[in-house]
Amino acid sequence: MIWYQIGLIFRWISIYRWNNFPRIETISTNDNLAFVLHTVMVLASILEEKEWKKVDLGYIFKKTLFESFDTYILSDINSDVQYRIKKKNAAMFTLLQEKVNKFMSNLELPEKIKEDIKFIKDNKSNPKYELEHSLFQFAKLWVAYYEAYFNGKIYNDVYEPILCNMKERINKKENAIFLKYLNVDKQENELEKYLLNIRRLQFNFRWNRMKRKFPVSVMSHLYICFFLSYLIGNIEWKSEEEVLKLMKISLFHDIPEAITGDIVTPTKKAVKWFDVILAEVEKDMLEEYLLVYINKYKFKNEYTQLMLEPFDWELGKLAKVADIFSALFEARIENSPEYSKTYQNIKRFLHTIPYTSINYILKFWVDYFDDNIEEMIHL
């Protein structure tokens, strides 16, 4: 049932990384995945523009989605532990992942999604996707390094050994093509500044005017919308290219908030034309503080459109549905009188939009919200 996948993402939104380390940052698994995807996007864009290499982003996007359920189901096994387990007994770790794959393949999901799950599983070792696998692993490691790096500013003795280990792995010769553009040698470059500004979304929380039991960062929200866009695109029988575009829109649609912060809708609508002035200010600040770092790349135009005009075309309307569903689920998990009205209002609004995917997700989500997922997972 599709509820299990949605439920896992929301029920375990509080899986935090580095939970056995002292830390100054609290970063959720969803935060991490969204930032990994942005790192992948930047490197893929550069490889295509500067190295004339084509990266299959659709493959990496699906790989990220389905492999994330290893974490949601097994809990978070940090990268260093995973790396050491695989060195000692790679087959054992593969068996553990097979358990998750079997659980996922037994769910009642739309056929296209089950086909995608099987495709990613069957191509894990396919040399055709060697570049995609390497890029994905490099991005994960680069992102993890910076998580440790910032925490290590305060807890240096604790993080120094793992930082040295990760730096050694990052600087391996097989990563040379990526290291031309991103490194960890404290030689700041423009791409690093671009990505680390986007990283600020991990600390920008939604609905900041209201008290929340389960705070959701804007970065985490991007990953939730990314996942929902994949579901919605496939339920609506969109092509591979259209689903990929949907997922890109979802990854970028709230990036301006990294610069301006989350200004709530009632404030935007409080004074006539205020939202128009705000949009102009947002555009100026985005250029000055973020887009300036990718000025020399052609892909800047695509990124700018995805950030500033995410819902302006037909596919954007479906991405907006994912955005609205994310808000609906966020209101539901709060499970309080204050959010009950918000939940009901959003749900009523969704019923006015004529998409098959809306009826499908409402049917296979709402009735199962209070199920105990932990009791349903048998590996």
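Residues numbered from 1 in each chain as written. Predicted model: local features only at pLDDT ≥ 70, side-chain atom pairs only at ≥ 80, totals over all residues. Heavy atoms only, no water.

Take the overall build of the chain next. For the chain, the helix and strand inventory stands at 19 helices and zero strands. Every one of the 379 residues in the chain was classed for burial, and the buried ones make up 53%. For the chain, the accessible surface area stands at approximately 18,100 Å², while carbon and sulfur atoms represent 52% of it. (Helix = DSSP H or I, 4+ residues; strand = E, 2+ residues; numbered from the N terminus. Buried < 20%, exposed > 50% of the residue type's maximum accessible area, 1.4 Å probe, protein only. Areas by Shrake-Rupley, 256 points an atom, 1.4 Å probe, with all protein chains shown as cover.)

The subject of this paragraph is a nonpolar patch on the surface. A contiguous nonpolar surface patch, about 350 Å² in accessible area, is contributed by Ile24, Ile154, Tyr155 and Val158. Taking the relative accessible area as the measure of exposure, Ile154 reaches 54% and is therefore exposed. (Patch = residues over 30% accessible without salt bridge, like charges linked within 9 Å, V, L, I, M, F, W, Y side chains within 5 Å. Salt bridge = Lys/Arg side-chain N within 4 Å of Asp/Glu carboxyl O.)

The phi torsion of most residues other than glycine is negative, and most of the peptide bonds are trans. Phi at Trp18 is positive, roughly 60 degrees, even though this residue is not glycine. Tracing the chain through its elements places Trp18 in the loop between helix 1 (2-11) and helix 2 (29-50). The exposure class assigned to Trp18 is buried, which follows from its relative accessible area of 8%. Notably, Trp237 is not glycine yet its phi reads approximately 60 degrees, a positive angle. Residue placement: Trp237 occurs in the loop between helix 10 (218-235) and helix 11 (240-252).

A separate point is helix 16 (residues 314-334). Given a rise of 1.5 Å per residue, 21 residues ought to cover 30 Å, and the 32 Å separating the end C-alpha atoms of helix 16 matches this to within 8%. Of all the 21 residues making up helix 16, 18 are buried; the element is thus mostly covered by neighbouring parts of the structure. Of the residues trailing helix 16, Asn335 is marked for its positive phi of about 50 degrees. (Expected span 1.5 Å × (residues − 1).)

This part covers the nonpolar core. With 107 residues, the main nonpolar core has Tyr194 and Phe325 as its most contacted residues. Setting aside chain neighbours within four positions, we find Phe325 in contact with Leu228, Ile232, Leu350, Ile358, Ile361 and Leu362. (Core = buried A, V, L, I, M, F, W, Y, C linked by side-chain atoms within 4.5 Å. Contact = heavy atoms within 4.5 Å.)

A separate point is the packing of helix 6 (residues 130-152) against helix 9 (residues 190-198). Helix 9 packs onto helix 6 with a crossing angle of 70 degrees between their chain directions and a minimal axis gap of 13 Å. Between helix 6 and helix 9, the angle falls in the class roughly perpendicular. Contact residues: Trp142, Tyr146 and Phe150 in helix 6; Glu192, Leu195 and Leu196 in helix 9. Partitioned by chemical class, the residues of the contact of helix 6 with helix 9 number five nonpolar, no polar and one charged. (Axes fitted to C-alpha atoms, helices over the stretch in contact; angles between N-to-C directions. Parallel < 35°, antiparallel > 145°, perpendicular 65-115°, else oblique. Nonpolar A, V, L, I, M, F, W, Y, C, P; charged D, E, K, R; others polar.)

The subject of this paragraph is the environment of Tyr159. Along the chain, Tyr159 turns up in helix 7 (residues 156-170). It is 9.7 Å that separates the C-alpha atoms of Tyr159 and Arg23, two residues lying 136 residues apart in sequence. With near-sequence residues (within four places) excluded, Tyr159 lies in contact with Trp18, Phe21, Pro22, Arg23, Ala148, Asn151 and Gly152.

Contact geometry for helix 6 and helix 7: axes closest at 9 Å, N-to-C directions at 155 degrees. Between helix 6 and helix 7, the interaxial angle falls into the category roughly antiparallel. In terms of crossing hand, the pair formed by helix 6 and helix 7 is left-handed. Contacts between helix 6 and helix 7 involve Phe138, Leu141, Trp142, Ala144, Tyr145, Ala148, Tyr149, Asn151 and Gly152 from the first element and Asn156, Tyr159, Ile162, Leu163, Met166, Lys167, Arg169 and Ile170 from the second. Partitioning the contact of helix 6 with helix 7 into residue classes produces twelve nonpolar, three polar and two charged. (Left-handed = near helix turned anticlockwise from the far one by under 90°.)

On to the packing of aromatic side chains. Evaluated as defined, the whole model comprises 23 aromatic pairs. With a centroid separation of 5.2 Å and an interplanar angle of 85 degrees, the aromatic rings of Trp18 and Phe21 are classed as edge-to-face. Across the pair, exposure class does not vary: Trp18 and Phe21 are buried alike. Here the aromatic cluster, defined as three or more aromatic residues joined through ring pairs, consists of Phe35, Trp142, Tyr145, Tyr146, Tyr149 and Phe150. Across the ring face of Tyr343, the terminal group of Arg332 is positioned such that the distance to the ring centre comes to 5.8 Å. (Phe/Tyr/Trp six-rings, centres within 6.5 Å; stacked < 30°, edge-to-face > 60°. Lys NZ or Arg CZ within 6 Å of the ring centre and 35° of its normal.)

What follows is about the side chain of Asn183. Assignment of secondary structure puts Asn183 in the loop between helix 8 (176-179) and helix 9. Residues contacting Asn183, with those up to four places away along its chain left out, are Trp142, Tyr146, Asn189 and Glu192.

For the α-helix, the turn length of 3.6 residues means that residues three or four positions removed from each other point alike. For helix 15 (residues 300-308), every residue scored as buried is listed here: Lys300, Tyr303, Thr304, Leu306 and Met307. Looking straight down helix 15, one finds that the buried residues subtend no more than 165 degrees of arc, so they occupy a single side. Contacts from the buried residues of helix 15 go to helix 2, helix 9, helix 11 and helix 14 (274-289). (Arc of directions from axis to C-beta.)

Turning our attention to the confidence of the model for the chain. When the pLDDT values of the chain are averaged, the result is 85; 83% of them are 70 or greater. Note that pLDDT drops below 50 for residues 371-379; the model gives that stretch 20 contacts with residues more than four away or on any other chain. (pLDDT = per-residue confidence, 0-100.)

Let us look at the pattern of salt bridges. Here the structure, examined in full by the defined rule, presents 18 salt bridges. We note a salt bridge from Arg212 to Glu334, for which the minimum N-O separation is 3.4 Å. Residue Arg212 is found in the loop between helix 9 and helix 10, and its partner Glu334 is found in helix 16; the two are separated by 122 residues along the sequence. Residue Glu314 is joined to Lys317 by a salt bridge in which the shortest nitrogen-to-oxygen separation is 3.5 Å.

What follows deals with the environment of Ile24. With respect to the helices and strands, Ile24 occurs in the loop between helix 1 and helix 2. Residue Ile24 is classed as partly exposed on the basis of its relative accessible area, which comes to 47%. For the pair Ile24 and Ile154, spaced 130 residues apart in the sequence, the C-alpha separation amounts to 7.6 Å.

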